[in-house]
Amino acid sequence: MNNGDMVSRAAGAFQAAVEALAGALPNGFVEHGSDGALLAFTHSQIPALNGIVSAAPIPDRAEIALLGKKAEEQARAQNLPWSIRLRGEPEAEIVDLAAAHGLTTLTRQPFMLLPLEDGRPGPEFDATASVRPLRDSEYETFATVLGAAFGAPPAIITSLYTPLVLGLPFVSAYLAEVDGVPAAAGLAILSERHVGLANIGTLPDYRRRGLGRAVTEAILRDARAAGAHTAYLHSGDETVPFFERASFRTAESWASFTG
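Here goes a summary of the coordinates provided. (Residues numbered from 1 in each chain as written. Predicted model: local features only at pLDDT ≥ 70, side-chain atom pairs only at ≥ 80, totals over all residues. Heavy atoms only, no water.)

The next subject is helix H7 (residues 211-225). Look at H7: 21 Å from first C-alpha to last across 15 residues, which is about the 21 Å you get at 1.5 Å a residue. Buried within H7 are the following residues: Leu211, Gly212, Ala214, Val215, Thr216, Glu217, Ala218, Ile219, Leu220 and Ala223. Just downstream of H7 lies Gly227, where phi reads positive at about 105°. (Helix = DSSP H or I, 4+ residues; strand = E, 2+ residues; numbered from the N terminus. Expected span 1.5 Å × (residues − 1). Buried < 20%, exposed > 50% of the residue type's maximum accessible area, 1.4 Å probe, protein only.)

When a strand is regular, its side chains alternate between the sheet's two faces. In strand E2 (residues 38-41), alternate side chains face the same way, and those of Leu38 and Ala40 on one face and Leu39 and Phe41 on the other are all buried. Looking at chain direction, strand E1 (residues 29-32) and E2 are connected through four bridges and run antiparallel. Of the residues in E2, the one forming a bridge with Phe29 is Phe41. Here E1 hands over to E2 after five residues, with Gly36 in that stretch at a positive phi of 100°. Taken together, the four bridges between E2 and strand E3 (residues 50-54) define a ladder with antiparallel strand orientation. Looking across to E3, one finds that Leu39 is bridged to Ile52. (Pairing = 2+ DSSP bridges.)

Right, let's get into the sheet that holds strand E7 (residues 171-178). In space, the 11 strands of this open sheet follow the order E1-E2-E3-E4-E11-E5-E10-E9-E8-E7-E6, with mixed pairing throughout. Either end of the sheet is taken by a strand with one partner, and the two such strands are E1 and strand E6 (129-133). This sheet shows a mean twist of 20° between the axes of neighbouring strands, independent of strand direction. Summarising the sheet, E6 and E7 pair through five bridges and their orientation is antiparallel. If you follow Ala129 over to E7, its bridge partner there is Val178. (Axes fitted to C-alpha atoms, helices over the stretch in contact; angles between N-to-C directions.)

By the definition in use, this model includes one cavity of 30 Å³ or more. The computed volume of the largest cavity comes to approximately 30 Å³. Around the largest cavity, the lining residues are Val18, Leu38, Ala40, Ala48, Leu49, Asn50, Gly51, Ile52, Val53 and Ser83. Examining the composition of the lining of the largest cavity, we find that four residues originate from one element, E3, more than from any other. (1 Å grid on protein atoms, 1.4 Å probe; cavity = no way out; pocket = protein on both sides within 12 Å on 5 of 7 lines; lining within 4 Å. Points joined across faces, edges and corners; volume = space filled by probe spheres on them.)

With that settled, the discussion passes to the pattern of salt bridges. Using the criterion set out here, one finds nine salt bridges in the structure. Ionic pairing is found between Arg132 and Glu177, a salt bridge with its closest N-O pair at 3.2 Å. Of this pair, Arg132 sits in strand E6 while Glu177 sits in strand E7; the two residues are 45 residues apart in sequence, bridging distant segments of the chain. For Arg221, the salt bridge identified is with Asp222, shortest N-O distance 3.0 Å. Within this structure, Arg132, Arg135, Glu138 and Glu177 form a network of salt bridges that share partners. (Salt bridge = Lys/Arg side-chain N within 4 Å of Asp/Glu carboxyl O.)

Considering the arrangement of structural elements, one finds Arg87 in strand E4 (residues 83-87). On the basis of relative accessibility, which here comes to 8%, the residue Arg87 falls in the buried class. A distance of 2.8 Å separates the side chain of Arg87 from the side chain of Glu252, its partner in a polar contact. In contact with Arg87, not counting residues within four places along its chain, are Val7, Ser8, Ala11, Ser54, Ala55, Ala56, Pro57, Glu252, Ser253 and Trp254. (Polar contact = N/O pair within 3.5 Å; in protein donor to acceptor, adjacent residues only side chain to side chain. Contact = heavy atoms within 4.5 Å.)

For the rest of this paragraph, the subject is the nonpolar core. Looking at soluble globular proteins, one finds that nonpolar side chains tend to be buried together. Within the largest apolar cluster, 66 residues are counted, with the highest numbers of intra-cluster contacts made by Phe142, Tyr161, Val171, Val195 and Phe248. For this core, the element with the most residues is helix H1 (residues 3-24), which contributes 10 residues. Not counting chain neighbours up to four residues away, the residues in contact with Tyr161 comprise Leu49, Tyr139, Phe142, Leu166, Leu187 and Asn199. Core analysis: the next-biggest nonpolar cluster, separate from the first, contains 19 residues, Ile64, Leu67, Leu80 and Leu103 among them. (Core = buried A, V, L, I, M, F, W, Y, C linked by side-chain atoms within 4.5 Å.)

Here you go:
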């Protein structure tokens, strides 16, 4: 498999993960466009998990336009934020299309990959810390840690990461604790022998102790054991160095349109 194939398969696995997540929710909505793009609503307050995702190297403008109309109708009816997420640098017509729907903020997100190989060294972190999978009943703990880590109201996180979601067989949440106190958390979604990492966050008072790295390595270890051969994630520019230290490498950039 060449690098281009690896990137395309990871992009497809990400789209499949969003579809699986939305499709598993009682009020979730999933529809495919004519060229394979996905319209998915989780009905959470997280824009990235409502709207359009296309794993195509070059998005089809007509397909995105049609799905955009449907997405706006869904969002207005439910008063939900939404987004359009596409690979690569968007064409001017796509930028104009997004703006016509009020999605005028364009963010470019590094899409980072890591082939999962045996024999990787374990993380170095605070000796008083431990990392464990979270039970679905601990969803409020997950929301509290991530809310404090990212400066977001926990209600935004619990709007998606409910006991039902954390109990799904392809979703795994992790918690790092220091002397029994929750200090960092993260999420993994398995699809098509890929693992997607999301929401790796550490409480401010516990940063620079390697806890985020410990959560990341726990996710990679368990995903490898479950048969995943590649890990992927969307990073912000500020967190690229963190994930590079965990051996991830930027494969391409994605465009994310939000309101």
